[in-house]
Amino acid sequence: MTPWRRSRLVALLLLLAWLAGAGPGAARAGEAPPWRLALVVDCSEGMTQPWLGSTRLEMLEPALQSELLSLPLRVRAGVWLVGGGPGQAREFLAPRPAAEFRDTNLVLPRLEGAADLAAGIKLAMAWLKDQGPGALVVISGAGSRLPAAAPATASGGQGPFCHALALGPEEATQKDLQELALQGGASYFRAMKADQAAPLLRGAMLTALSPASLLVLAHGQDNRPLSITYGLTRRDLLALEPRGASGRPCQLLPGVYQMSWPAGIGPATPPAKVSVAVSGQTRLWAGGTGSLKVKALDPQGQELPWVASVANLETGKVEVPEKRTPYQATLPAGVYRVKVQRPPLTWTLELGAGRQVELVTGPQGSLNLTLSGPSGPWRVPYHLEDRLGLRPAGTGYTNSPLPLLPGQYRLRAEVVPPWRQEFTLAPGQDLSLAMPLLGAILVRRDKAGLSQPFQVLDSQDRLLGAGVSDRPLPTQAGTYRLHMPQQGATLEVEVKAGQLTALDPPKGPGAH
């Protein structure tokens, strides 16, 4: 690798690390959510054979330890090993928060016999599916094979993502792992040389931690769904021959990708590129048509003679020039922006294949979300999603009116656990919504006068939110577990509506 390419690779990895990282606590707008990561590592006899002056395990050990030590705090991870023959797989490092890997001195055992990757994948997937959103990285070397049914069943169609890293050029291993990654909505990496193992492992881990994904919805001219495999290309992409399957989310790094398509998609030409958002799921329609009806109403429900245009956001093409409302048009499936010149207003909507969408435009209204807690009115942020456009629509604060266009919305208030509500705002409507009366958690400072972070978990130890001592945390009524990471202790707490629940930090480790 030339110095120029090496410097570009280092710069890319630093950028990817920044995109994948996130601090502790519940995810806020723009932050990556809590995540689970499972690693299945081949420690079979093939991994100890000479490989370009070293062995695969010798190259893998320090690289894997470095990755475990640098996991973002939002991640909970575990490691499973395979080797020793058919059906042989076991848990090696039990799933734990990222912070608990800081004292890990990784020494991978050398196991006899072949690797049964399917057995390890089954154990890791069982944990992932039980714990929530996450991804799997399978690392394997020479001679490892997967049964024919393993790729199809490993991710359960819509289950956790499943990435693969092959150490070596063996064609059998390559084919199996490529198919595993395709069916798992993930990426395939292959190290042809020993010095490629560490950077490609880094690329696989960063991709497996990415909060971004792409869902391609492919249809034919008759609006019937198509099952296709599409291609993705991007400069400096570390994955080998990246592909995706329609109808199955594909975990990717954020950025702009060039798309390649098979025949049979129509009637319009599918998009040549897609911009995958920094977080969340990016939906891309390819083929099919839908029906869009646009009208404008005043606050009394009477039609307004507004003029609106419709443009496709993926292609930039203006499908409907400025035209007086109301009107109806048949358009290629995709995401559209409807624009009114007077007054200057815009709406975004998703038009699916075979669907009929009605957009009601009109004068701006407002939303007032009211909230009270133990001390009276409480100001907390909330985030809106446009249900027609399936994208963020703004941020507001409780007990403060927020100007808002008419439309259909989904609301998420940043309390613990988050409070969600769907609503429709009519043209010119001033809508008031009331949240349930909240309680609050207050953890006092320790004897030294220092504040400590804490996490709020449910009965299944799933993260609901986070706070810091000496600051009341707005919490819905219920029973929770408070985890104090600095002391390794867990407290049981009951929160009642309208009441402040105050408690002292634990004196030592353990559950209380």
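Below is a short write-up of the structure.

**A look at the packing of aromatic side chains**
Here comes step 1: Throughout the structure, instances matching the rule amount to three aromatic pairs.
Here comes step 2: Arranged with centres 5.7 Å apart and planes meeting at 40 degrees, the rings of W80 and W127 form a pair that is tilted. You can see W80 sitting in strand β4 (residues 75–82) and its partner W127 sitting in helix α3 (residues 117–131), a full 47 residues away along the chain.
Here comes step 3: The exposure class assigned to W80 is buried, which follows from its relative accessible area of 4%.
Here comes step 4: Pairing Y409 with F423 gives two aromatic rings, centres 5.5 Å apart and planes at 25 degrees, and the pair type is stacked. Pair noted here: Y409 is in strand β29 (residues 407–413) and F423 is in strand β30 (residues 419–425), with a separation of 14 residues, a long-range link.
Here comes step 5: Seen from the ring of F101, R96 lies directly overhead, with NZ or CZ sitting 5.3 Å from the centre.
Here comes step 6: Sitting above the plane of the Y397 ring, R379 keeps its charged end 4.2 Å from the centroid.

**A few points about the pattern of salt bridges**
Here comes step 1: For the coordinates displayed, the defined rule picks out 15 salt bridges.
Here comes step 2: Linking E350 and R283 is a salt bridge whose minimum nitrogen-to-oxygen distance equals 2.8 Å. On the criterion of sequence distance, the pair formed by E350 in strand β21 (residues 345–351) and R283 in strand β15 (residues 280–286) is long-range, its members being 67 residues apart.
Here comes step 3: By relative accessible area, R283 is classed as partly exposed at 23%.
Here comes step 4: Of the charged contacts, one joins D461 and R481 as a salt bridge, the two residues approaching to 2.9 Å between their closest N and O atoms. Of this pair, D461 sits in the loop between β33 (453–457) and β34 (463–468) while R481 sits in strand β36 (residues 478–484), placing them 20 residues apart in sequence.
Here comes step 5: Exposure remark for R481: the relative accessible area of 23% places this residue in the partly exposed category.

**Details of the sheet that holds strand β10 (residues 229–233)**
Here comes step 1: Within the open sheet, the four strands sit side by side as β11-β10-β13-β14. Their pairing is antiparallel. Each edge of the open sheet is held by one strand with a lone partner, namely β11 (243–245) and β14 (273–276). The sheet shows a mean angle of 35 degrees between the axes of neighbouring strands, taken without regard to direction.
Here comes step 2: Taken together, the four bridges between strand β13 (residues 255–260) and β14 define a ladder with antiparallel strand orientation. Paired with G255 across the strands is V276, a residue of β14.

**Focus on the nonpolar core**
Here comes step 1: If you look at the biggest cluster of nonpolar residues, it comprises 41 residues, and the most contacted ones within it are L367, L411 and F423.
Here comes step 2: Per-element tally for this core: the top contributor is β21, with four residues.
Here comes step 3: Apart from the residues within four sequence positions on either side, L411 is in contact with L367, L369, Y382, H383, L384, W419, R420, Q421 and F423.
Here comes step 4: Among the nonpolar cores identified, the runner-up in size contains 40 residues, and L39, V75, F161 and L167 belong to it.

**Topic: the side chain of Q178**
Here comes step 1: On the secondary structure map, Q178 appears in helix α5 (residues 171–183).
Here comes step 2: For Q178, a relative accessible area of 15% puts it in the buried group.
Here comes step 3: Within the local environment of Q178, its side chain forms a polar contact with the side chain of E241, the two groups lying 3.4 Å apart.
Here comes step 4: Setting aside chain neighbours within four positions, we find Q178 in contact with Y188, E241 and R243.

**Description of the sheet that holds β21**
Here comes step 1: Strand order in the open sheet formed by four strands is β18-β17-β20-β21, and the pairing between neighbours is antiparallel. Only two strands of the sheet have a single partner each, and these edge strands are β18 (318–324) and β21. Pairs of neighbouring strands in the sheet enclose a mean axial angle of 15 degrees, with direction left out of account.
Here comes step 2: Bridge analysis of strand β20 (residues 334–340) against β21 gives seven bridges, and the strand direction is antiparallel. If you follow V335 over to β21, its bridge partner there is E350.

**Thoughts on the pairing of strand β38 (residues 500–503)**
Here comes step 1: Residue alternation in β38 divides its side chains into a buried set, T501 and L503, and an unburied set, L500 and A502.
Here comes step 2: Where strand β32 (residues 439–443) lies against β38, four bridges are found, and the strand directions are parallel. Along β38, the bridge assignment pairs A440 with L500.

**So, the environment of L37**
Here comes step 1: Within the fold, L37 resides in strand β1 (residues 35–42).
Here comes step 2: For L37, a relative accessible area of 0% gives the class buried.
Here comes step 3: Expressed as a C-alpha distance, the spacing of L37 and F161, which sit 124 residues apart in the sequence, is 9.7 Å.
Here comes step 4: Those residues in contact with L37 that sit more than four places away from it in its chain are L71, V75, R76, A77, G78, W127, L128, A135, V137, M205, A208 and L209.

**Focus: the pairing of strand β9 (residues 212–218)**
Here comes step 1: With seven of seven residues buried, β9 lies mostly within the body of the structure.
Here comes step 2: Neither face of β9 is left uncovered, since the one carrying A212, L214, V216 and A218 and the one carrying S213, L215 and L217 both have all their residues buried.
Here comes step 3: Here β9 runs beside β15; their pairing, made up of seven bridges, is parallel. By the bridge assignment, L214 is partnered in β15 with T282.

What counts, and where the lines are drawn
Residues numbered from 1 in each chain as written. Predicted model: local features only at pLDDT ≥ 70, side-chain atom pairs only at ≥ 80, totals over all residues. Heavy atoms only, no water. Phe/Tyr/Trp six-rings, centres within 6.5 Å; stacked < 30°, edge-to-face > 60°. Helix = DSSP H or I, 4+ residues; strand = E, 2+ residues; numbered from the N terminus. Buried < 20%, exposed > 50% of the residue type's maximum accessible area, 1.4 Å probe, protein only. Lys NZ or Arg CZ within 6 Å of the ring centre and 35° of its normal. Salt bridge = Lys/Arg side-chain N within 4 Å of Asp/Glu carboxyl O. Pairing = 2+ DSSP bridges. Axes fitted to C-alpha atoms, helices over the stretch in contact; angles between N-to-C directions. Core = buried A, V, L, I, M, F, W, Y, C linked by side-chain atoms within 4.5 Å. Contact = heavy atoms within 4.5 Å. Polar contact = N/O pair within 3.5 Å; in protein donor to acceptor, adjacent residues only side chain to side chain.

Scope: geometric values only; no functional claims are made or implied.
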